[in-house]
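Examining the three-dimensional arrangement
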Amino acid sequence: MSEGFGASIPKSKALFERARQVIPGGIYGHVQPSATIPGVFPYFAERGEGGYYWDVDGRKILDLMCGYGPLILGYHHQEIEEAAAIQRAKGLVFNHPASLSVELAEKLVDRVGFADWTVFGKNGSDMTTWAIQVAREHTKRSKIAVVSGAYHGVDAWCTPGKGGLILEDRVHIHTFEWNNLDSLQSLFSDYAKQFAAVVVTPFHHPAFGESELPHEGFLDDLEQLCHREGVLLVLDDIRAGFRLHAGGSHRPYGFEPDLSCYCKALANGYSISATAGKEEFRKAATRVFLTGSYWNNPVPMAASLACLEIIARESVPEHLEQMGLRLQSGISAVAKAAGVDVRWSGPPSMPYLSIRDDPNLYLIQEFAAKSLDRGVFFHPHHNWFLSQAHKEKEIDLAIEVAGDVFRSLQNG
Ligand code: PMP
C-alpha cells in the first residue's frame, strides 16, 4: 500500500482499520471498498440531504448512486420522514400486522395493475427467493431459468459469491441469454415440463458491463412463451421498480409478469420489499411460509405509502428521465469536446456510462476517481441512479465536473 493511499479519506481509513478487527473483511458486500475505487471513494458515510451526502471525512458529495437505488426522492425527504415519524411514535413491532399493511397492499395492487395480491418482506432477496418457491409450489416443478449475468440476490440459488455453496444449490438453476428467446426455448425443449419459473429484470443490468434494453417484442414474446409452457414469469423489478414508471417497469415495456418483486425505490430508504402476484397464484402464495422478525414493522409501510403517493403525484419517473437525458447529452458533449469517446446504455434515468476502447475499465475508473475528488460520485462500473432531488443545478454540476475530468484525462 503506497504512503499516499487513502490520503483524502483519513477517517474512513482509520474506521476501516477498526472495522477489520471486529467485522470479517471490515466492510462486505456491494459497499466494500473494492466495489468502487479503494483509497479514493469514501468507505463510511455520515449523513445525507437531498441529492448530496457527507462522508465521515466531512466531504460533501453529489450522489449519483442514491444508496444503490433506494433514495428515489433524495435523502431526508420531509414528507417521507413525517409519515414515518407518525407511525414510529405509535410503535415499531407488534404481535400483529398493522392496518397500514392492508392499505399498502391495496395501493400496490392498484398501482401495478396486473396483480391481485401483495406480500411484504425486508430485502430484495427475500422476495426473489420466495417468488421462485411460489412458482415451484404452483407448478410442482423444480427448474428455474435466469438470464446469464443477471443479479437476483444473495441466496444460494442466485448469489454471485462462491463461498459456502454446494453443488445441489444450483442443480435446477439454468441460464439463457438476454434478448434471445431461442436460448430459452432450447432449455424448455431439453427439460420438457420441468421449468417452474423464468426470472428476468425489465432490462439487463449486469455489473461491470453495459446495460441492455429489451429488444422490441422480447418481453411480450417471453410472456407468451411462458404461458404456453405453463411456466411463471417472475419480474425482478427490485432495482428498476417505480423508477421507470409509477406503476412498475412492466408498464413501459408493455408486458405482464405473473409475479413481480419490488424493493429499492419502494420507501425512499426504509426497509421494505414486496411481491405482487396474479389471482391464480394466491393459493400457492399462502402455502409458502413467509416471515421475518421485522417484516410487520409498519414504519417502512408508512414511508412506502407516502413514497408511492409522491412518485405518482409528482411524476417522479418523468423527472428522472428528463434529468437523465440532460446528464447524458451534457456529459457526451463535454466528453466529445475533450476528445473522449463515451457510450451510454440502459434507460436515461438509470444510465450506465462506458468509455470506448477501455476493456479493463481503467479509463472509467480514472474518470470516477478524479470526479470523486471533485465531489461527484459516478460509479465506475454499475448503472447510476438519479433522484427527485437532482434538479438542473445538480445535473449541471455533474456535467461541469465530468468535463474538467475528461480534459485532465486527455492531458494526462
Ligand atoms: N435483484 C436485483 C435486480 C437487485 O438489483 C438486487 C439488489 N441490488 C436484488 C435483487 C437483491 O436485493 P437485496 O440486496 O435487497 O436483497
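About the criteria used
- Residues numbered from 1 in each chain as written.
- Predicted model: local features only at pLDDT ≥ 70, side-chain atom pairs only at ≥ 80, totals over all residues.
- Heavy atoms only, no water.
- Helix = DSSP H or I, 4+ residues; strand = E, 2+ residues; numbered from the N terminus.
- Pairing = 2+ DSSP bridges.
- Core = buried A, V, L, I, M, F, W, Y, C linked by side-chain atoms within 4.5 Å.
- Buried < 20%, exposed > 50% of the residue type's maximum accessible area, 1.4 Å probe, protein only.
- Contact = heavy atoms within 4.5 Å.
- Axes fitted to C-alpha atoms, helices over the stretch in contact; angles between N-to-C directions.
- 1 Å grid on protein atoms, 1.4 Å probe; cavity = no way out; pocket = protein on both sides within 12 Å on 5 of 7 lines; lining within 4 Å.
- Points joined across faces, edges and corners; volume = space filled by probe spheres on them.
- Nonpolar A, V, L, I, M, F, W, Y, C, P; charged D, E, K, R; others polar.
- Parallel < 35°, antiparallel > 145°, perpendicular 65-115°, else oblique.
- Left-handed = near helix turned anticlockwise from the far one by under 90°.
- Salt bridge = Lys/Arg side-chain N within 4 Å of Asp/Glu carboxyl O.
- Near = heavy atom within 4 Å.
- Polar contact = N/O pair within 3.5 Å; in protein donor to acceptor, adjacent residues only side chain to side chain.
- Areas by Shrake-Rupley, 256 points an atom, 1.4 Å probe, with all protein chains shown as cover.
- Expected span 1.5 Å × (residues − 1).
- Phe/Tyr/Trp six-rings, centres within 6.5 Å; stacked < 30°, edge-to-face > 60°.

**Let's talk about the environment of Ile-9**
Mapped onto the elements, Ile-9 comes out in the segment before α1 (10-22). Considering only alpha carbons, one finds Ile-9 and Ala-285, 276 residues apart in sequence, at a separation of 48 Å.

**What to know about the pairing of strand β1 (residues 45-49)**
Note: β1 against strand β2 (residues 52-55), 4 bridges, orientation antiparallel. The residue of β2 that forms the bridge with Gly-48 is Tyr-53. The turn linking β1 back onto β2 is made up of 2 residues, and Gly-50 within it adopts a positive phi angle of 60°.

**As for the nonpolar core**
Phe-242, Ile-331, Phe-367, Phe-378 and Phe-406 are the most contacted members of the largest nonpolar core, which has 84 residues in total. The element best represented in this core is helix α9 (residues 298-313), accounting for 10 residues. Discounting chain neighbours no more than four positions away, the residues touching Phe-242 are Ile-72, Leu-108, Arg-111, Val-112, Gly-247, Gly-248, Tyr-262, Ala-265, Leu-266, Leu-308, Ile-311 and Pro-317. Of all hydrophobic cores here, the second largest spans 27 residues; its members include Val-119, Cys-158, Val-234 and Ala-284.

**Digging into the sheet that holds strand β3 (residues 60-63)**
Strands pair in a sheet through their backbones, by hydrogen bonds, and they do so in one of two ways: parallel or antiparallel. If you trace the 4 strands from one edge of the open sheet to the other, you get β1-β2-β3-β13, paired in mixed fashion. Edge positions in the sheet fall to β1 and β13 (376-377), since each has one partner strand and no second. Each of β2, β3 and β13 is contacted by helix α12 (residues 392-411), which is oriented at about 105° to β3, the strand it contacts most.

**Things to note about the layout of surface pockets**
In this structure, the second largest pocket occupies an estimated 410 Å³ of space. For the lining of the second largest pocket, the leading source of residues is β1, giving 4 residues. Taken together, the residues that form the lining of the second largest pocket break down as 14 nonpolar, 5 polar and 3 charged.

**Some remarks on the packing of helix α3 (residues 99-112) against α9**
Where α3 meets α9, the closest approach of the two axes is 9 Å, and the angle between their N-to-C directions is 30°. In this view, α3 runs roughly parallel relative to α9, as classed from their interaxial angle. Regarding α3 and α9, the two cross each other, and that crossing is left-handed. Along the contact surface, α3 presents Leu-100, Ser-101, Glu-103, Leu-104, Lys-107, Leu-108 and Arg-111, while α9 presents Pro-298, Met-301, Ala-302, Ser-304, Leu-305, Leu-308, Glu-309 and Ala-312. Grouping the constituent residues of the contact of α3 with α9 by class yields 9 nonpolar, 2 polar and 4 charged.

**Focus on the pattern of salt bridges**
By the definition in use, this model includes 16 salt bridges. Close ionic contact of Glu-256 with Lys-278 constitutes a salt bridge, the shortest N to O distance being 3.6 Å. Here the residue Glu-256 occupies a position in the loop between α7 (250-253) and β9 (259-262), and Lys-278 occupies one in the loop between β10 (273-277) and α8 (282-287), the gap between them amounting to 22 residues. Here Arg-374 ties to Asp-404 by a salt bridge, and the two come within 2.7 Å at their closest N and O atoms. Here Arg-374, found in the loop between α11 (362-373) and β13, pairs with Asp-404, found in helix α12; they are 30 residues apart in sequence, far enough to count as distant. Given the relative accessible area of 25%, Asp-404 is considered partly exposed. Through salt bridges that share partners, Glu-79, Arg-313 and Glu-314 make up one connected network.

**Regarding empty space enclosed by the protein**
Taken as a whole, this structure holds 1 cavity of 30 Å³ or more when the rule is applied. Within this model, the largest cavity holds a volume of roughly 40 Å³. Gly-149, Ala-150, Tyr-151, Thr-201, His-204, His-205 and Pro-206 together form the lining of the largest cavity.

**With respect to the site of the ligand**
Taken together, Asn-123, Gly-124, Ser-125, Tyr-151, His-152, Gly-153, Thr-201, His-205, Asp-236, Ile-238, Arg-239 and Lys-264 make up the full set of residues near the ligand. At 2.6 Å, a side-chain N or O of Asp-236 approaches a nitrogen atom of the ligand. In isolation the ligand offers 390 Å² of accessible surface; the protein chains occlude 86% of this area. The residue makeup of the shell around the ligand, split by class, is 2 nonpolar, 7 polar and 3 charged.

**Let's talk about helix α4 (residues 124-139)**
Helix length check: α4 (16 residues) gives 23 Å between terminal C-alpha atoms against 22 Å at 1.5 Å per residue, within 8%. By the burial criterion, the buried members of α4 are Gly-124, Ser-125, Met-127, Thr-128, Thr-129, Trp-130, Ala-131, Ile-132, Val-134, Ala-135 and Thr-139. Of the residues flanking the end of α4, it is Lys-140, one or two places downstream, whose phi is positive at about 60°.

**A few points about the packing of aromatic side chains**
In total, this model carries 13 aromatic pairs according to the counting rule given. Here the aromatic rings of Phe-41 and Phe-377 are separated by 4.8 Å at their centres, their planes lie at 85°, and the arrangement is edge-to-face. Within this pair, whereas Phe-41 is found in the loop between α1 and β1, its partner Phe-377 is found in strand β13, the two being separated by 336 residues in sequence. Exposure class is identical for Phe-41 and Phe-377. Each is buried.

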